[in-house]
Amino acid sequence: MQILFQSSSEGSVPGLGIIPSKIDTFTNKDKTVPHMGWNSVHLLDGQHDDDEDLDEALHYYFVHSYRASYDPECEPDAAQWAHSVTQYGREVFVSTVRKDHVFGCQFHPEKSGKAGMRLLDTWLRQSTATSQRPPPAPRVPFPPKPRDGFTKRIIACMDVRANDQGDLVVTKGDQYDVREKQPPTTTTSSAPTSSPQPTTTVRVAGAVRNLGKPVALAARYYTAGADELALLNITSFRHSPLRDQPMLAVVRAAAATVFVPLTIGGGIRDTVDPDGTPRPALEVAGAYFRAGADKVSIGSEAVYAVERLRAGGGARGDGSSAIETIARAYGRQAVVVSVDPRRVYVKDAEALDGPRKDEIVLGSGEEAGKAWWYQCTVSGGREARDLSVVELARGVEILGAGEILLNSIDRDGTGRGFDLDLVNLVRRTVNIPVVASSGAGNVQHFVDVFEKTGVEAALAAGIFHRGEVGIDEVKEALIKGGINARRATDVK
Ligand code: 1PR
């Protein structure tokens, strides 16, 4: 849609100039940027017709930092093109343009689940019909009265690795330990909703915990209404993902059936093939994007990049990190940084005087009397670094990350709820979206994390894999609690 305009502050190359207006950035004073997630559209007057293709009751997936503003008074000619508008924070921007046979949208219909599929289908079926239709009546621009329909996102996450037989499976750890601890058992359980067969699980102590096949689980979560899916290749630090063809095949197969955004993580870094060929992180990310990923998630490499940034003064990167190269080529909205912090307990008196005094959390309630900070780790929590989560979050925002996926090693797999202190700390530190992860054990935990931290999205793994809580149940609890959420069942 933006290419139809005259120009954009995103770059110096002119647009087609068909719509007489310019594209500019969102301001991030009252909201996080990019605008990343599901939002509603408001059809402008005179735009409703019998074969309506956009639905104000539904949500569509947006991901962008630049937008066309809607200003019928100052730009009446451009406003003639506006077909619908959307509100994000206090800003109202053009979400679709339409004139004669031209239709453009700011959101991604191909990632908007069934609502997007229906829209594409309508456009395709109308393409011949429109040519016989009389042109629509001239539009009378008017000040729109949209509402901010931006929803909180629920993300289902699959940690993927090869099991001891070499098959890629979805696994799940307790505080990052993914191996079975129980003595050998065999259980037959009723199947998760979309699977016709009961499942037989053989659990062998020491074996990698196997919770299912990634592609089948991805399809199940899409149908169940997940707003996004994440696939993390958790042992990719051991070898190059470009040689990891099974993971690329998983992404390709998942992207063929899942029409919501897919984030792929693990091993996004510069590597060298055994024959000595260098493989820059940008090439690794490119392979995942071509396979169907919408965002890549960078873990360990982001920690090293921020360490280098800080050693160089901290104001700006040298342009060589994976975050910078990928954001430059694909846009910052395609770059997620996955953080694996762990609590480090300290004596409060000494900590409150120390160099990280502003980051010290003083426990309350059950944790009264305790004090701690959050230390970053690499290689799936195996190695702690001299970098705090606040320092990392600040650094990756400077380098150009578009989102932070905030795990917690202490809470992972425990079902004790999200670490709200951690989430609040990071939410306050950056202006990019933050995804709270680790520890969800029931629907109330999702309500709590949104109500108490203002975070944009929440991610869970174990409770969804084990079928303890459905994604639809989470959405209903959010809506009941007055939190805006997307119901997949709204699309008939
Ligand atoms: O360092 O760029 O190669 O990326 C490796 C990626 O793999 C990182 O995103 C890192 O978080 C992830 N990872 C590495 N080891 C593990 C492990 O579990 N042993 N998984 C791991 C991280 C955390 C979440 C999990 C939530 C929710 N898993 O992905 O899904 O904690 O779980 P819950 O709802 O069951 O509590 P790189």
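Preceding this section is the structure that the text describes.
Cut-offs applied
- Sequence order sets the numbering: in each chain, residues are counted from 1 along the sequence as written.
- Given that the model is predicted, a residue must reach a pLDDT of at least 70 before its local features are reported, and side-chain atom pairs must reach 80 or more before they are shown or counted; all residues, however, enter totals for whole chains, interfaces and linings.
- Each side-chain value is worked out from all heavy atoms of the structure, with water and hydrogens disregarded.
- Only runs of H or I of at least four residues qualify as helices and only runs of E of at least two qualify as strands under DSSP, and these elements are numbered from the N terminus.
- Buried means the residue's accessible area, taken with a 1.4 Å probe over protein chains only, is under 20% of the maximum for its type, while exposed means over 50%, and partly exposed covers the values in between.
- Residue contacts follow a heavy-atom distance rule, with two residues in contact if any of their heavy atoms lie within 4.5 Å.
- Note that accessible areas follow from Shrake-Rupley with a 1.4 Å probe, and for residues the cover is restricted to the protein chains shown.
- Two strands pair if DSSP finds at least two bridges between them.
- Throughout, the term near means that a residue has one or more heavy atoms lying within 4 Å of the molecule or strand in question.
- For this analysis, a polar contact is any N or O atom pair within 3.5 Å, provided that within protein one partner can donate a hydrogen and the other can accept it, and provided that sequence-adjacent residues contribute only side-chain to side-chain pairs.
- Between N-to-C directions, angles span 0 to 180 degrees; the directions come from axes that are lines fitted to C-alpha atoms, helices contributing only their stretch in contact.
- Working definition: roughly parallel below 35 degrees, roughly antiparallel above 145 degrees, roughly perpendicular at 65 to 115 degrees, and oblique for all remaining angles.
- Rotating anticlockwise by less than a right angle from the far helix to the near helix defines a left-handed crossing, while the corresponding clockwise rotation defines a right-handed one.
- Residue classes follow a fixed rule: Ala, Val, Leu, Ile, Met, Phe, Trp, Tyr, Cys and Pro count as nonpolar, while Asp, Glu, Lys and Arg count as charged, and any other residue, Gly among them, counts as polar.
- Among buried residues, the Ala, Val, Leu, Ile, Met, Phe, Trp, Tyr and Cys ones that are joined through side-chain atoms within 4.5 Å form a nonpolar core.
- Note: domain ranges come from an automatic or database domain assignment.
- Only rings of Phe, Tyr and Trp enter the pairing, Trp through its six-membered ring, and a pair is recorded when the two centres are within 6.5 Å. The plane angle decides the type: under 30 degrees is stacked, over 60 is edge-to-face, the rest tilted.

What to know about the overall build of the chain
Here is step 1 of the chain: Helix and strand counts for the chain come out as 13 helices and 26 strands.
Here is step 2 of the chain: Burial statistics for the chain: of 492 residues in total, 53% are counted as buried.
Here is step 3 of the chain: Nonlocal contacts in the chain, meaning residues at least 24 apart in sequence, comprise 70% of its contacts between residues at least 6 apart.
Here is step 4 of the chain: By element, 51% of the accessible surface of the chain is carried by carbon and sulfur atoms, the whole surface being about 21,700 Å².

As for the sheet that holds strand 1 (residues 5-8)
Here is step 1 of the chain: Taken in spatial order, the 3 strands make up an open sheet running 1-2-6, and their pairing is mixed. Lying at the two open borders of the sheet, with one neighbouring strand each, are strand 1 and strand 6 (66-67).
Here is step 2 of the chain: With 3 bridges connecting them, strand 1 and strand 2 (residues 19-25) associate as parallel partners. Its bridge partner being in strand 2, phenylalanine 5 is matched across the sheet by isoleucine 19.

With respect to the site of the ligand
Here is step 1 of the chain: Taken together, 24 residues lie near the ligand, and Ser300, Ser338, Asp340, Asp412 and Ser438 sit nearest.
Here is step 2 of the chain: Within the side chain of lysine 172, one N or O atom sits 3.4 Å away from an oxygen atom of the ligand.
Here is step 3 of the chain: Separating an oxygen atom of the ligand from a backbone N or O atom of alanine 461 is a distance of 2.9 Å.
Here is step 4 of the chain: Contact with the protein chains removes 98% of the 770 Å² of surface that the ligand exposes when unbound.

Some words on helix 11 (residues 443-453)
Here is step 1 of the chain: Turning to helix 11, its buried residues number three or more, namely His445, Phe446, Val447, Asp448, Val449, Phe450 and Thr453.
Here is step 2 of the chain: Against the buried residues of helix 11 lie strand 10 (153-162), helix 10 (420-429), strand 25 (434-437), strand 26 (457-460), helix 12 (462-465) and helix 13 (471-480).
Here is step 3 of the chain: One side-chain oxygen at the N-terminal end of helix 11 lies 3.1 Å from the backbone nitrogen of glutamine 444; it belongs to asparagine 442.

Considering the packing of helix 5 (residues 281-291) against helix 7 (residues 322-330)
Here is step 1 of the chain: For the pair helix 5 and helix 7, the least separation of the axes is 9 Å and the interaxial angle reads 45 degrees. Classified by the angle their axes make, helix 5 and helix 7 are oblique. The element helix 5 and its partner helix 7 pack so that their crossing is right-handed. Across the interface between the two elements, Ala281, Leu282, Ala285, Gly286, Phe289 and Arg290 of helix 5 pack against Ala322, Thr325, Ile326, Ala329 and Tyr330 of helix 7.
Here is step 2 of the chain: Along the lines of polarity and charge, the residues of the contact of helix 5 with helix 7 split into 8 nonpolar, 2 polar and 1 charged.

Overview of the nonpolar core
Here is step 1 of the chain: If you look at the biggest cluster of nonpolar residues, it comprises 92 residues, and the most contacted ones within it are Leu229, Tyr288, Ile326, Val389, Ile404, Phe446 and Phe464.
Here is step 2 of the chain: It is helix 5 that provides the largest number of residues to this core, a total of 7 residues.
Here is step 3 of the chain: Two domains each donate at least three residues to this core, and these are domain 1 (2-125) and domain 2 (153-176 + 208-491).
Here is step 4 of the chain: In contact with isoleucine 404, not counting residues within four places along its chain, are Val337, Val339, Ala393, Val396, Val426, Val430, Ile432, Pro433, Val434 and Val435.
Here is step 5 of the chain: Counting 17 residues, the second largest nonpolar core, distinct from the first, contains Leu54, Tyr60, Leu119 and Trp123.

What about the packing of aromatic side chains?
Here is step 1 of the chain: Inspection of the entire model under this criterion finds 14 aromatic pairs.
Here is step 2 of the chain: Pairing phenylalanine 26 with tyrosine 88 gives two aromatic rings, centres 5.6 Å apart and planes at 75 degrees, and the pair type is edge-to-face. Taken as a pair, phenylalanine 26 in the loop between strand 2 and strand 3 (35-39) and tyrosine 88 in strand 7 (residues 82-88) lie far apart in primary sequence, 62 residues in all.
Here is step 3 of the chain: The exposure class assigned to tyrosine 88 is buried, which follows from its relative accessible area of 3%.

Regarding the sheet that holds strand 7
Here is step 1 of the chain: Judged by pairing direction, the sheet is antiparallel, and its 4 strands sit side by side in the order 4-7-8-9 without closing on themselves. Each having just a single partner strand, strand 4 (42-43) and strand 9 (102-105) make up the two edges of the open sheet.
Here is step 2 of the chain: Taken together, the 6 bridges between strand 7 and strand 8 (residues 91-99) define a ladder with antiparallel strand orientation. Bridge pairing in strand 8 places glutamine 87 opposite valine 92.

Overview of the side chain of glutamate 228
Here is step 1 of the chain: For glutamate 228, the position within the fold is in strand 14 (residues 228-233).
Here is step 2 of the chain: On the accessibility criterion, glutamate 228 (2% relative accessible area) is buried.
Here is step 3 of the chain: Side-chain polar atoms of glutamate 228 contact the side chain of arginine 153, separated by 2.6 Å.
Here is step 4 of the chain: Sequence-distant contacts of glutamate 228, defined by excluding residues within four places in its chain, comprise Tyr61, Arg153, Ile154, Ile155, Ala156, Val260, Pro261, Thr263 and Lys295.

Examining the environment of alanine 156
Here is step 1 of the chain: Looking at where alanine 156 falls in the secondary structure, it is placed in strand 10.
Here is step 2 of the chain: Classification of alanine 156 by relative accessible area gives buried; the value is 0%.
Here is step 3 of the chain: Between the C-alpha atom of alanine 156 and that of tyrosine 222, which follows or precedes it by 66 residues, the distance is 9.0 Å.
Here is step 4 of the chain: With near-sequence residues (within four places) excluded, alanine 156 lies in contact with Tyr221, Ala226, Glu228, Leu229, Ala230, Ala460, Phe464 and Ile471.

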